[in-house]
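# Fold and contact review
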Amino acid sequence: MPGLIGKKIGMTSVFGADGKNIPCTVIEAGPCVVTQLRTVEKDGYAAVQLAYDETTEKHASKALQGHFKKAGTTPRKKLAEFENDFAGELKLGDVITVENILKEEVPFVDVIGISKGKGFQGVVHRYGFAGVGGQTHGQHNRLRHPGSMGASSWPSRVFPGMRMAGHMGNARVKVFNLKVVKVIPENNILVVKGSVPGAKGSYVLVEA
């Protein structure tokens, strides 16, 4: 099983074997329910769809209610697909826990989440522009403005992709190779070294 849906609980720190303090993120990984199986013959690719975090029928559409009923489970808030050649190992309604994806030979995981939204930000905050660059280069007395961004003559325009002020954060971010520090299977808890994107309580995808 290559992945699991979880929820970011928060951050903490633990002491390693060498006595060093390690900053860690606590993730509630699963349990997830198999709600759909994709096959190469029918869909063109092999994948498994998982559902996480129970909700009431009132908060699920009629289409989703039927989808969950077919899988023999209650409505869930979060759905996600993970590519996997399951080869008949799974069936609808199976419950997947953190024990199923994390074995002793899987010391690292990738985590996907939605980063915190920062709103509309200027170039100093968004890209680390120096801001105060003297009273020249098209900036004059506006200390946090970007200054000149284009050529003085040709091509007389600003190139696409130029770093400017704009919407910062609230984007899908994937962090690779986070070390698994501790697994508490009875509580579906996964502790990884370092930080993962998103606020407390936000959904994350854990890929082994």
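Everything below is about the structure shown above.
Right, let's walk through the structure included here. (Residues numbered from 1 in each chain as written. Predicted model: local features only at pLDDT ≥ 70, side-chain atom pairs only at ≥ 80, totals over all residues. Heavy atoms only, no water.)

### Things to note about the environment of Phe 15
Put simply, the rule reads: Segments assigned H or I by DSSP are reported as helices when at least four residues long, segments assigned E as strands when at least two residues long, and all are numbered from the N terminus. Here, residues are in contact when the closest pair of their heavy atoms is within 4.5 Å.
One can find Phe 15 in strand S1 (residues 3-15). Discounting residues that sit within four places of it in the chain, Phe 15 has contacts with Lys 20 and Asn 21.

### Details of the environment of Val 48
For clarity, the threshold we go by: In this scheme, a residue with accessible area under 20% of its type's maximum is buried, one over 50% is exposed, and one in between is partly exposed, where area comes from a 1.4 Å probe on protein chains only.
Position of Val 48 among the secondary structure elements: in strand S4 (residues 47-54). For Val 48, a relative accessible area of 0% gives the class buried. Spatially, the C-alpha atom of Val 48 lies 9.6 Å from that of Leu 92, the residues being 44 residues apart in sequence.

### Some remarks on the sheet that holds strand S6 (residues 95-96)
Let me state the cut-off plainly: Only strands joined by at least two bridges in the DSSP assignment are considered to pair. Each axis is a line fitted through C-alpha atoms, taken for helices only over the stretch in contact, and angles between the N-to-C directions span 0 to 180 degrees.
Sheet architecture is open: four strands sit in the order S5-S4-S3-S6, paired in antiparallel fashion. Looking at strand neighbours, the two that pair on one side only are strand S5 (76-83) and S6, the edges of this open sheet. Examined bridge by bridge, strand S3 (residues 32-38) and S6 share two bridges and lie antiparallel to one another. Residue pairing in the sheet places Cys 32 in a bridge with Ile 96 of S6. Helix H2 (residues 62-71) rests against S3, S4 and S5 of the sheet, and its axis sits at about 95 degrees to S3.

### Description of the sheet that holds strand S7 (residues 108-114)
Spatial strand order, S1-S2-S11-S10-S7-S12: six strands in a closed barrel with antiparallel pairing. Averaged over all adjacent pairs, the angle separating strand axes in this sheet is 50 degrees, with direction ignored. Alignment of strand S2 (residues 21-29) against strand S11 (residues 189-193), held across five bridges, turns out to be antiparallel. The partner of Glu 28 across the bridge, within S11, is Ile 189.

### So, unusual backbone geometry
Going from Trp 154 to Pro 155, the amide bond is cis rather than trans, its omega being 5 degrees. For Asn 170, which is not glycine, the phi dihedral falls at a positive 55 degrees. Looking at the element boundaries, Asn 170 is found in the loop between strand S9 (166-168) and strand S10 (172-184). Despite not being glycine, Asn 188 shows a phi value in the positive range, around 55 degrees. Here Asn 188 is to be found in the loop between S10 and S11.

### Concerning a nonpolar patch on the surface
Put simply, the rule is: For patch detection, residues must exceed 30% relative accessible area and be free of salt bridges, and they are connected within 9 Å for like charges or within 5 Å for nonpolar side chains (Val, Leu, Ile, Met, Phe, Trp, Tyr). The Shrake-Rupley method, run with a 1.4 Å probe sphere, supplies the accessible areas, and residue values consider only the shown protein chains as cover. Salt bridges are counted wherever a side-chain nitrogen of Lys or Arg sits within 4 Å of a carboxyl oxygen of Asp or Glu.
A grouping of Val 158, Phe 159, Met 162 and Met 164 is seen on the molecular surface, where their side chains present a nonpolar patch of about 310 Å² in accessible area. Here Met 162 lies in the loop between helix H4 (123-127) and S9. According to the relative accessible area criterion, Met 162 is partly exposed, its value standing at 34%.

### With respect to the environment of Gly 122
Relative to the assigned elements, Gly 122 resides in the loop between strand S8 (119-121) and H4. Of the residues examined, Gly 122 reaches a relative accessible area of 32% and is grouped as partly exposed.

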